[in-house]
Amino acid sequence: METGVAEPELSFVPVAGERIPMAGAVPGCFCASTNPYWAENVWRAALRRRTWGCWWMRRSTRLGNVGWQPRNPPTLGCIPSSVASRVMGGILPLCSLLGRPPPNSGVTTIRRTWSCWNRSRGGPRDVVPQHVWRINLDTPEEAHQNLSFGAADRWWEQTDLTKLILASNKLQCLSEDVKLLPALTVLDVHDNQLTSLPSALGQLENLQKLDVSHNKLKSIPEEVMQLSNLRSLLLQHNELSCLPDGFGQLVHLEELDVSNNHLTDIPTSFALLVNLVRLNLACNQLKDLPADISAMRSLRQLDCTKNYLETVPSKLATMASLEQLYLRKNKLRSLPEFPSCKLLKELHAGENQIEILNAENLKHLNSLSVLELRDNKIKSVPDEITLLQKLERLDLANNDISRLPYTLGNLPHLKFLALEGNPLRTIRRDLLQKGTQELLKYLRSKIQDDVTNPNGEPPVTAMTLPSESRINMHAITTLKLLEYSEKQAAVVPEEMFDAVRSHPVTTVNFSKNQLSQIPPRIAELKDSLCDVNLGFNKISSVSLELCLLRKLTHLDLRNNFLTSLPEEMEALTGLQVINLSFNRFKAFPGVLYRILALETILLSNNQVGSIDPLQLKRMDRLGTLDLQNNDLLQVPPELGNCESLRTLLLEGNPFRTPRAAVLARGTAAVLEYLRSRIPT
């Protein structure tokens, strides 16, 4: 049983109905006993404790039921002293202030804090009763009654109120009389309808926690900045567009949450909050962060999710105490280096526009256990990622990664690896579906000693042809990969094809060049070639040589100038994945309807105006169809009959139905909606 003087706490919590299941005895209240008579004077003495009288009645008559975990749900309510004498049943005072139960009461556990619940007949309150503010000052009439108690029974000894909880009501304002409660350490008014705060809050010099979240506040009074002992300030889910410049005066502040407001900048005085541990700036309209934020030497958690940040100040990387950094859903194009963030454990930067992941971004993050970079535009993963020896979760889903370093399989603590949605060339799709451990096992099995020199070129010997000295023969012979990417070249050198000779090549990567046509000599690889990447070029038409690659399963032609596909592509009967995003198609390529092996069609960011649902239904292997950001004016209801679809992406089109709310519920919900619209 707890002992010692409890901190008085007053709560007004609206309760619907007449019965409330309680977890245990309510301190500062009264429990029904077997005594059939009311001791009204005892009731009045209880009210001297400056709470509203409360009653707790049970169906059971066993005295031992009073305490924790009652067998039947108790009934809790508010009883003024004027009607106390009319209530049937007995009274048993719970002496929570002294921290002990009455003798022989059967009570074994009592809460230390003093809570009094107010059930209003009209539901949540829209105004705080005046006597609440004067609870430390006024002497109730019951004090003048001729009551006699022994020295051991003076359980009503008064202590000034330290916690006031007015949450989840309908309060529209707080009285300036809040200054009459100078001993308050906690003031909780979250989930109300407050539009302003009283300036008298600045006089609560003992206040340590202020929760005004989930209201309608448009500004914070400057007087709040005078609360020098404040440790926690919760302002989330309001309508704040700016913050006072005097925030730096709250030098003892450890927790600050201003998320889900309308902030466009934050005061530079934030730099003075040297004791701040947690700072939440999520879901605002911030376009940049002040460099002075790095002066918060105690900051461990920084959340900037869902803003408009395009860059992160380089000084942020000097925050030595930072452990968790959230930068998701911004407009970042790169990550800063983190030379001093030795303690950083979690880095979340998904749903940005990051294209490059450099070794410098990673090599200092020795403590990192979570790295989340999904839904970006990352093209490659540096070998230095293996320096993250404590990494447990790595999320690289939905990027532009075509290759992974095999040494990734050597990370000793990696438990979760997400790679779906990437155009990986060296890892089979079925392997990705087997889970992280199988994937890591595969990567470890593919680790080869690198026989190339430090420049990535094979050693030159007496048997080496001059042209081959610039070609990665290791990739051709071991990885079966012919790569000539990111050269900004208008043509692929002939010696690249000459070097292949009798070596069977399964993958070709000619992406990120300036090619205006598909190299004709690609037809020479028809007996082995399965995967072709010609993305990010200037190709305006597909040549017939490509249609000769009968073993082709993956074709990437994204970011080119294509407007149509030749009918001869129907010969590619094994084609499973085709990426035609970011081209100039105005119609869905008809030849695709006849390639029944297709499992994934990516056709986003074109100008497609219509689709044929009946022909799509014939493609019973089609699982992913991406038509985002096209010109679809309507979605045919018959598309709902394409039951093989597991991923259907339609956002960014000008159609009116299905509405965005339906699309947000996922593919299954969209297909069900479309089926419901089919005329009968």
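Up top is the structure.
All values reported here derive from a predicted model rather than from experimental measurement.

With that settled, the discussion passes to unusual backbone geometry. Apart from glycine, the bulk of residues carry a negative phi angle, and the bulk of peptide bonds sit in the trans form. Cis rather than trans, the peptide bond between T657 and P658 has omega equal to 5 degrees. With respect to the helices and strands, P658 occurs in the loop between β25 (647-649) and α9 (660-663). One non-glycine residue, K306, lies in the positive phi region at around 55 degrees. Mapped onto the elements, K306 comes out in the loop between β12 (301-303) and β13 (324-326). Even without being glycine, F582 reaches a positive phi, approximately 55 degrees. One can find F582 in the loop between β22 (577-579) and β23 (600-602).

On to the sheet that holds strand β21 (residues 554-556). If you walk across this open sheet you meet the eight strands as β18-β19-β20-β21-β22-β23-β24-β25, and the pairing is parallel. Here the strands that pair on one side only, and so sit at the sheet edges, are β18 (481-483) and β25. The average angle at which neighbouring strand axes cross in this sheet is 5 degrees, direction not considered. Here strand β19 (residues 507-509) pairs with strand β20 (residues 531-533) via three bridges, running parallel. Looking at β20, one finds that N509 is bridged to N533.

Turning our attention to the side chain of N422. Position of N422 relative to the elements: it lies in the loop between β17 (416-418) and α4 (429-432). Residue N422 is classed as buried on the basis of its relative accessible area of 13%. In terms of polar contacts, N422 uses its side chain to reach the backbone amide nitrogen of I401, at 3.1 Å. Leaving out residues up to four positions away in the same chain, N422 has contacts with L396, A397, N398, N399, D400 and I401.

Scanning the entire structure with this criterion turns up 14 salt bridges. Residue R328 pairs with E351 through a salt bridge whose shortest N-O separation is 2.8 Å. Placement of the pair is R328 in the loop between β13 and β14 (346-348) and E351 in the loop between β14 and β15 (370-372), with a sequence separation of 23 residues. A salt bridge links R374 to D395; its shortest N-O distance comes to 3.0 Å. Taken together, the residues R374 in the loop between β15 and β16 (393-395) and D395 in strand β16 connect sequence positions 21 residues apart. Judged by its relative accessible area of 11%, D395 falls in the buried class. Each of E494, D498, R521 and E524 takes part in one network of salt bridges that share partners.

Of note, N533 is situated in strand β20. With near-sequence residues (within four places) excluded, N533 lies in contact with R425, V508, N509, F510, S511 and D556.

Let's shift gears to a positive patch on the surface. There is a patch of like positive charges on the surface, built from R278, R300, K345 and K390. Looking at the element boundaries, R300 is found in the loop between β11 (278-280) and β12.

Moving on to the environment of C283. Within the element layout of this structure, C283 appears in the loop between β11 and β12. Exposure remark for C283: the relative accessible area of 24% places this residue in the partly exposed category. Spatially, the C-alpha atom of C283 lies 9.3 Å from that of K329, the residues being 46 residues apart in sequence. When residues no more than four places from it in sequence are discounted, the contact partners of C283 are S259, N260, N261, T305, K306 and N307.

Looking now at helix α10 (residues 667-676). Those residues of α10 that fall on the buried side of the exposure criterion are T667, A669, V670, L671 and L674. Looking at the packing, one finds that the buried side of α10 touches β25 and α9.

What counts as what
Residues numbered from 1 in each chain as written. Predicted model: local features only at pLDDT ≥ 70, side-chain atom pairs only at ≥ 80, totals over all residues. Heavy atoms only, no water. Helix = DSSP H or I, 4+ residues; strand = E, 2+ residues; numbered from the N terminus. Pairing = 2+ DSSP bridges. Axes fitted to C-alpha atoms, helices over the stretch in contact; angles between N-to-C directions. Buried < 20%, exposed > 50% of the residue type's maximum accessible area, 1.4 Å probe, protein only. Polar contact = N/O pair within 3.5 Å; in protein donor to acceptor, adjacent residues only side chain to side chain. Contact = heavy atoms within 4.5 Å. Salt bridge = Lys/Arg side-chain N within 4 Å of Asp/Glu carboxyl O. Patch = residues over 30% accessible without salt bridge, like charges linked within 9 Å, V, L, I, M, F, W, Y side chains within 5 Å. Areas by Shrake-Rupley, 256 points an atom, 1.4 Å probe, with all protein chains shown as cover. Lys, Arg positive; Asp, Glu negative; His and termini not counted. Charge placed at Lys NZ, Arg CZ, Asp CG, Glu CD.

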